[in-house]
Structures are given as structure tokens and as C-alpha cells.
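Summary of the model geometry
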Amino acid sequence: MTVTDRPAARAESAATHDLLAPDPASVPTTSAQGPTSRLRSVTAGTASRGADVPRSSGAWHEGDPVGQRRFVDIGGLDLERGGRLSQVRIAYETWGTLNASGDNVILVEHALTGDSHVSGEAGPGHPSPGWWNALIGSGRPVDPDEWFVIASNVLGGCQGSTGPSSLAPDGRPWGSRFPYVTVRDQVAAEAALLDALGIDRLAAVVGGSMGGMRALEWAVGEPERVDRCLVLASTAYATADQIAWCQPQLLAIRHDPDFAGGDYYDTGRSPENGLGLARRIAHITYRTETELSERFGREAQLGEDPLRAGDRGRFAVESYLDHHAGKLARRFDANSYVRLTEAMNSHDVGRDRGGVETALSRVTADCTVVSVDTDRLYPPRLSDELHGALPRSTRAHITSDYGHDGFLIEEDQVGRIIGDALAR
């Protein structure tokens, strides 16, 4: 396993079946900065990438500014459904300092379209500000003066970790050749990342939505390494309703003519229309009828007339969805959206473990299970079920008009819940 301090110098390469080949250009680090002598800071910069190499407009690529990212080559990874990635690179960010006993580590898990940039400003390498800025910082619920915080970009993502837009040994992106990965595969990659950084145990793992799936999988699959587990707006298994909502999103992307079966990187086009439709569908499930009604009602978008004949204008709520669709298309890769959605659909902590209750009985961590009262995608009943099956669990609630996204928006409530959990 190699920790590197530069943009991914073609380590994310892969063959179709034998998958990723080792990266001969990987350079071990020697600086003592960070939790171990193998970890060092990465400054913003670029690395060479041939001008003729195809790329996704929404993904981070070698040669782009690295921002606050660091990189670890974790070596090979056997996949749950069969096959093996022979070389995987994981991008991550950290805050704070690992203490001498190594017992102050908090792993933060991002949701579907998140990444390792949990906290910080937008800037070179980071098109958006931190997605949970209120969580980490001096005087905030997770204070870097006390905790060493680490967040990685998930396996299959598009912000520096090995995924469909990464380069294969032939110098072309993975595209359709990237394998189906599960939540367990993603956690296995994270465990290998922590191993490479010399981190044996987690004081806490925290995640919401898809991140909550990985947090729970950590507690079930690696119980000896997790002291606390905080699962926000998530579930022990993907439900039929959740999978059903995902299907039209996947079809929207796959049916976009520019998707080209997943091999669109060298066409000069990308399936932005399909990705935008997927985002519109998803965003409706993240919010509530009450919020949309009170916020937009039947108002027309400023300067537009929805009742005009011919080229009609939009209702304000339509403009709102258009905005979020365009915003995601500028910062995310459609193939990663497909692969990560499939991983979410695969989520079931009870698979091959004797069922959900048997699997959850293995958990030794002090768990906190959090729901949003208006969440229609991950309704509170799923949190009730999870809480009831865990050996040691505290049940917490977020009150919000914003639905599923309440776990990101209701910063004060979330902060108190996380602070209480870390104090136990």
C-alpha cells in the first residue's frame, strides 16, 4: 500500500477482468506530517495528463488542482460479487491531529453525490464548499483540536478515488468496464485506507443517507474497530420503495443517447440531460410536499409565463429543479451516479449473515440512530427498526420541514446529537 502526495498518476488504471494494474509511478512519502510517517499534506497543483485523454466534465481528473485531497494506493481489493480490483486509489481529506494513543479518529461518510470535502471553502480542486461545514471546526460538534477527522471519496466515486472515470491500463477511462461494487466493497476499501494510514480503531464513524449505510456496515463488518456509530437518515437495508425511486433515475441516464452505454468520455458529449433528470427525480424525494408548497406554490418563475401558448415558461418549482439538475451535471460524473446508486440498492447488512437482526447483533459500538420526522425516502420506521435490533443504541430525532435533507440542513439539531454521542 502506498501513500502518495500528488494527483493520481495513472494509478487508477484497469483491465476489463484482471482489473487494476499496479502504478509504477507511485512514490512513497517520507514526511512525518500527519498521523503516521507515511502521511503528508498535499498542496494544490497539477500533474500531466495528455490533452487527448478523454474526460468527464463533472469528475476530478489527474492534472486538475488537488485542493485539500491526499491519495493512498491501497493495492488490490476482492469484490463481494466476484472479481478483483488489483490496484485501487482512494482520495481523502483530514482535519486535526492523531493523538499519541490513536484513539481520537472520526470517520465521516458522505452521501450519494458528496465527496471527501466535508468542510472547507470552494476553490481550486473543490467546486463546492464543504457539504457539512457546520460539523467540523473550532467550537463545532467535531473540534479538530480534540479529534482527528478523516473523510474519503467513496470507491466508485468521481472525486479522486478509483471509479468509472479513472484511467485503465490502456490509458482510457474505465467507463462501462468498471465493475459493480457494493457498500461492503466500499467499506473494505475504507478499511484498507485506514490500515495504510496506521489507524487501527475509530472513536466514531458518522454518516447520513448513503453514508449512513457505510457507517452501519462498518459497525457490523468491523465491530472490533468501531467505538461509536452514528447513522443519520438511513437504513439497515435498501427497501423496495427506495429501489423503485432509483430505477427511473438509472433509466434516465442510461436512455440518454449521449450515455453511449457508459463509454461517453471520448465522444465529446456527456449524458447531462439524463443525469439532470435523475437529479430532479431524486431531489423531489429529498424534500417534502409541505416545503415545496410553501416555498413555491403555483408561482411562475420570475419573468416567465407557464400558461403562455407555444414556448411556455416555467413554474418556480420547475426552475428550482432545473437549477439543481444543472448544478450536479457540472460537478458529478453520470457513470459514478449509476454505480453508486447500484451500490445503495445492494445495501443489506443481513445478506449472507443470517438476516438483518442476526447481523446487527454483532455490533459492539455505542450506536446513535437518527431519523428526520418528514423523511419520505428513509422514513422514521426504518430507524425505529434499526434501533430496536441493535444491542446498544440511542434513538434521536430531527424535526424538519425539509424531509430527508434535514440531516444536512438542521445544523443545530444535528450538532447537538453528534456532540451528545461523542460525549458518551
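Calculation notes
Residues numbered from 1 in each chain as written. Predicted model: local features only at pLDDT ≥ 70, side-chain atom pairs only at ≥ 80, totals over all residues. Heavy atoms only, no water. Helix = DSSP H or I, 4+ residues; strand = E, 2+ residues; numbered from the N terminus. Contact = heavy atoms within 4.5 Å. Phe/Tyr/Trp six-rings, centres within 6.5 Å; stacked < 30°, edge-to-face > 60°. Buried < 20%, exposed > 50% of the residue type's maximum accessible area, 1.4 Å probe, protein only. Axes fitted to C-alpha atoms, helices over the stretch in contact; angles between N-to-C directions. Parallel < 35°, antiparallel > 145°, perpendicular 65-115°, else oblique. Left-handed = near helix turned anticlockwise from the far one by under 90°. Nonpolar A, V, L, I, M, F, W, Y, C, P; charged D, E, K, R; others polar. Salt bridge = Lys/Arg side-chain N within 4 Å of Asp/Glu carboxyl O. pLDDT = per-residue confidence, 0-100. Expected span 1.5 Å × (residues − 1).

Okay, the environment of Ile 284 next. Relative to the helices and strands, Ile 284 is located in helix H4 (residues 272-286). Considering only alpha carbons, one finds Ile 284 and Leu 321, 37 residues apart in sequence, at a separation of 8.3 Å. Apart from residues no more than four positions distant in its own chain, Ile 284 is found in contact with Leu 321 and Arg 376.

This part is about the packing of aromatic side chains. The full count for this structure, using the stated rule, is eight aromatic pairs. Judged by centre distance (5.4 Å) and plane angle (90 degrees), the ring pair of Trp 174 and Phe 178 falls under edge-to-face. Taken individually, Trp 174 and Phe 178 each receive the classification buried, so the pair is uniform in this respect. Ring centres 4.5 Å apart and planes at 45 degrees place the aromatic pair Tyr 264 and Tyr 265 in the tilted group.

As a packed pair, H4 and helix H6 (residues 316-331) sit with axes 8 Å apart at the nearest point and diverge in direction by 125 degrees. Judged by the angle between their axes, H4 and H6 are oblique. Classified by chirality, the crossing of H6 by H4 is right-handed. Contacts between H4 and H6 involve Glu 272, Leu 275, Gly 276, Arg 279, Arg 280, His 283 and Ile 284 from the former and Tyr 320, Leu 321, Asp 322, His 324, Ala 325, Leu 328 and Ala 329 from the latter. When its residues are assigned to classes, the contact of H4 with H6 shows seven nonpolar, three polar and four charged.

Our focus in this paragraph is the pattern of salt bridges. Where charged atoms from two side chains of opposite charge approach closely, those side chains can pair. Enumeration according to the criterion identifies 23 salt bridges in this entry. A salt bridge links Arg 214 to Glu 109; its shortest N-O distance comes to 3.1 Å. Here Arg 214 is found in helix H2 (residues 210-221), whereas its partner Glu 109 is found in strand S4 (residues 105-109), with 105 residues between them in sequence. Each member of the pair Arg 214 and Glu 109 is classed as buried. The closest approach of N and O atoms between Arg 353 and Glu 217, which form a salt bridge, is 2.6 Å. Of this pair, Arg 353 sits in the loop between helix H7 (334-346) and helix H8 (356-360) while Glu 217 sits in helix H2, and the two are 136 residues apart along the sequence. Residue classification places Glu 217 among the buried residues on the basis of a relative accessible area of 4%. Each member of the salt-bridge network shares a partner with another, and the members are Glu 80, Arg 184, Glu 217, Arg 351 and Arg 353.

With 88% of its residues at a pLDDT of 70 or more, the protein chain shows a mean pLDDT of 88. A low-confidence stretch, residues 1-51 (pLDDT under 50), is modelled with 168 contacts involving residues beyond four sequence positions or located in other chains.

On to helix H11 (residues 411-423). With 13 residues, H11 should cover 18 Å at 1.5 Å per step; its first-to-last C-alpha distance of 18 Å lies within 8% of that length. Within H11, the full set of buried residues consists of Gln 413, Val 414, Gly 415, Ile 417, Ile 418, Ala 421 and Leu 422. On its buried face, H11 is in contact with S4, strand S6 (204-208), strand S7 (228-232), strand S8 (366-372), strand S9 (393-398) and helix H10 (406-409).

Further remarks concern the environment of His 387. Assignment of secondary structure puts His 387 in helix H9 (residues 380-389). Under the relative-accessibility criterion, His 387 is labelled partly exposed at 27%. Put simply, His 387 and Cys 367 are 20 residues apart on the chain and 8.3 Å apart in space, counted from C-alpha to C-alpha. In this view, His 387 contacts Val 369, Ser 393, Thr 394 and Arg 395; residues no more than four positions away in its chain are not counted.

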